[in-house]
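# Survey of secondary and tertiary structure
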Amino acid sequence: MGRSKISVRGLSKVFNPLKGNPVVALENVNFDVEEGEFIAIVGPSGCGKSTLLYMIAGFIQPTKGEIIVDGRRINSPGPDRGIVFQEYALFPWLTVEGNIKYGLEEKGLDQDEIDEKVSKYIRLMGLEGFEHKYPKELSGGMKQRVAIARTLAYEPEILLMDEPFGALDAQTRELLQEELLRIWEETRKTVLFVTHSVDEAVYLSQRVIIMTCRPGRVKNTVNVRLDKTLSREDVITSREFVETRHKVWVDVREEVMKHYCIVEG
Ligand SMILES: Nc1ncnc2c1ncn2[C@@H]1O[C@H](COP(=O)(O)OP(=O)(O)OP(=O)(O)O)[C@@H](O)[C@H]1O
Ligand SMILES: [Mg+2]
């Protein structure tokens, strides 16, 4: 096995440490991600999943511990890491094409390269015919496709995805899962994918990290060994899928129950 692509070591995050109500969001989180791995992260609401992704993205700083990417400690955002946010974060004043182009122009690519990449990702995400529409004219599913296309067009080595399909209807969600898997198989990016859906986590990933309720720690890691050459139907009815899903679900349920005890008690 090669060097880790991402290494999270002793990571803790306390919000408002100096005010009256400090929030310990994460406490001593440790895990490694290999290059090209697809990792899913699940855990109760408020356990620090978004916080973890934002720290890997470099938007916020850890209170303790460190994040190593490609052997270097990171402390700011970089073009090697692309994030798709929990809420669609499109520029409302730009068209679909303009939104996808934005990062590429920032990156300083020449116009031909930009046009080529924009049309490639418009095609890959099924956005043809919508190039000149504005976000407000799009459905939720389309907006999320644009957000994903925009991040992919930038071609980061690491994709950080924070519940990217959470707000979508079941059919659109399944379609985008298939598209994401296809793109991952094609490009072998390193993916960290946060979701509340155990089915989605097991279906997409090679490894599921289950987090405890707040303060978030790594509760367990479950390897997924599915035959991805099979159809969706065959995968989700396979014994391996059903057993893995159950394993993950038992851990998640335990943490979600604890979470409610704290909230209610
Ligand atoms: N900027 C902030 N200031 C203070 N507290 C914060 C801040 N951001 C997050 N928190 C707190 O940190 C904890 C973790 O939040 P985070 O958004 O990372 O959870 P999450 O696991 O992504 O939840 P969800 O599944 O609901 O998206 C929560 O208790 C939240 O209230
Ligand atoms: Mg979140």
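Model, not experiment: these values are computed from the prediction.

Criteria and cut-off values
- Residues numbered from 1 in each chain as written.
- Chains lettered and ligands numbered in written order.
- Predicted model: local features only at pLDDT ≥ 70, side-chain atom pairs only at ≥ 80, totals over all residues.
- Heavy atoms only, no water.
- Helix = DSSP H or I, 4+ residues; strand = E, 2+ residues; numbered from the N terminus.
- Buried < 20%, exposed > 50% of the residue type's maximum accessible area, 1.4 Å probe, protein only.
- Contact = heavy atoms within 4.5 Å.
- Areas by Shrake-Rupley, 256 points an atom, 1.4 Å probe, with all protein chains shown as cover.
- Lys, Arg positive; Asp, Glu negative; His and termini not counted.
- Charge placed at Lys NZ, Arg CZ, Asp CG, Glu CD.
- Phe/Tyr/Trp six-rings, centres within 6.5 Å; stacked < 30°, edge-to-face > 60°.
- Lys NZ or Arg CZ within 6 Å of the ring centre and 35° of its normal.
- Pairing = 2+ DSSP bridges.
- Axes fitted to C-alpha atoms, helices over the stretch in contact; angles between N-to-C directions.
- Salt bridge = Lys/Arg side-chain N within 4 Å of Asp/Glu carboxyl O.
- Near = heavy atom within 4 Å.
- Polar contact = N/O pair within 3.5 Å; in protein donor to acceptor, adjacent residues only side chain to side chain.
- Core = buried A, V, L, I, M, F, W, Y, C linked by side-chain atoms within 4.5 Å.
- Domains from an automatic or database assignment.

For the chain, the helix and strand inventory stands at eight helices and ten strands. Reported as C-alpha extents along the three principal axes, the dimensions of the chain are approximately 55 × 50 × 40 Å. Looking at the chain as a whole, 48% of its 265 residues qualify as buried. The contacts of the chain with a sequence gap of at least 6 include a subset with a gap of at least 24, amounting to 69%. Of the accessible surface of the chain, which amounts to about 13,000 Å², a share of 50% is contributed by carbon and sulfur atoms. Of the side-chain charges in the chain, 36 are positive and 41 negative, and the distance between the mean point of each set is 6 Å.

For the structure shown, the criterion picks out eight aromatic pairs. Between Phe38 and Phe193, the aromatic rings sit 6.0 Å apart at their centres with planes inclined by 40°, giving tilted as the arrangement. Linking Phe38 in strand β3 (residues 38–42) with Phe193 in strand β8 (residues 190–194), this pair joins segments that are 155 residues apart in sequence. No difference in accessibility class separates Phe38 from Phe193, as the two residues are buried. Put simply, the rings of Phe38, Phe165, Trp184 and Phe193 pair up and form one aromatic cluster. Between the NZ or CZ atom of Arg150 and the centre of the ring of Phe91, over which it lies, the distance is 5.5 Å. The residue whose ring lies beneath Arg232 is Tyr203, and the NZ or CZ to ring-centre distance is 4.4 Å.

Below, the discussion takes up the sheet that holds strand β7 (residues 158–162). Spatially, β6-β7-β8-β3-β9-β10 is the arrangement adopted by the six strands of the open sheet, whose pairing is mixed. The strands lining the two open edges of the sheet, one partner per strand, are β6 (81–84) and β10 (218–223). On average, adjacent strands in this sheet sit at an angle of 15° to one another, irrespective of strand direction. Sheet topology places β7 next to β8; five bridges connect them, and they run parallel. Paired with Ile158 across the bridge in β8 is Thr190. On top of the sheet, helix α1 (residues 49–57) reaches β3, β6, β7, β8 and β9 (207–211); it is set at about 155° to β7, its chief contact.

What follows deals with the pattern of salt bridges. Considering all chains together, one arrives at 19 salt bridges under this definition. A salt bridge links Glu66 to Arg9; the shortest N-O distance between them is 3.8 Å. You can see Glu66 sitting in strand β4 (residues 64–69) and its partner Arg9 sitting in strand β1 (residues 6–15), a full 57 residues away along the chain. On the basis of relative accessibility, which here comes to 22%, the residue Glu66 falls in the partly exposed class. Given the relative accessible area of 42%, Arg9 is considered partly exposed. Residue Arg145 is joined to Glu179 by a salt bridge in which the shortest nitrogen-to-oxygen separation is 3.7 Å.

The strand order β2-β1-β4-β5 describes an open sheet built from four strands, whose pairing is antiparallel. With partners counted over all chains shown, the strands left at the sheet margins are β2 (23–33) and β5 (72–73), one partner each. The pairing of β4 with β5 spans two bridges and is classified as antiparallel. Considered in β5, the bridge of Ile68 is made with Arg73.

Around ligand 1, 16 residues are found, and the nearest of them are Ser45, Gly46, Lys49, Ser50 and Thr51. Separating an oxygen atom of ligand 1 from a backbone N or O atom of Gly46 is a distance of 2.8 Å. Protein chains bury 65% of the 640 Å² of accessible surface belonging to ligand 1 in isolation. At the level of secondary structure, the elements contributing two or more residues to the shell around ligand 1 comprise β2 and α1.

It is worth spelling out the nonpolar core at this point. Taken as a class, soluble globular proteins show a tendency for nonpolar side chains to be buried jointly. Membership of the largest hydrophobic core comes to 48 residues, with the highest contact counts inside it found for Ile100, Leu127, Val208 and Val248. The dominant element in this core, judged by the number of residues it contributes, is helix α4 (residues 140–153), at seven residues. Two domains share this core, each providing at least three of its residues, namely domain 1 (6–80 + 160–264) and domain 2 (87–155). For Ile100, the residues in contact, after removing those within four places along its chain, are Val118, Ile122, Leu127, Val146, Ala149, Arg150 and Ala153. Among the nonpolar cores identified, the runner-up in size contains 25 residues, and Leu11, Val29, Phe31 and Ala57 belong to it.

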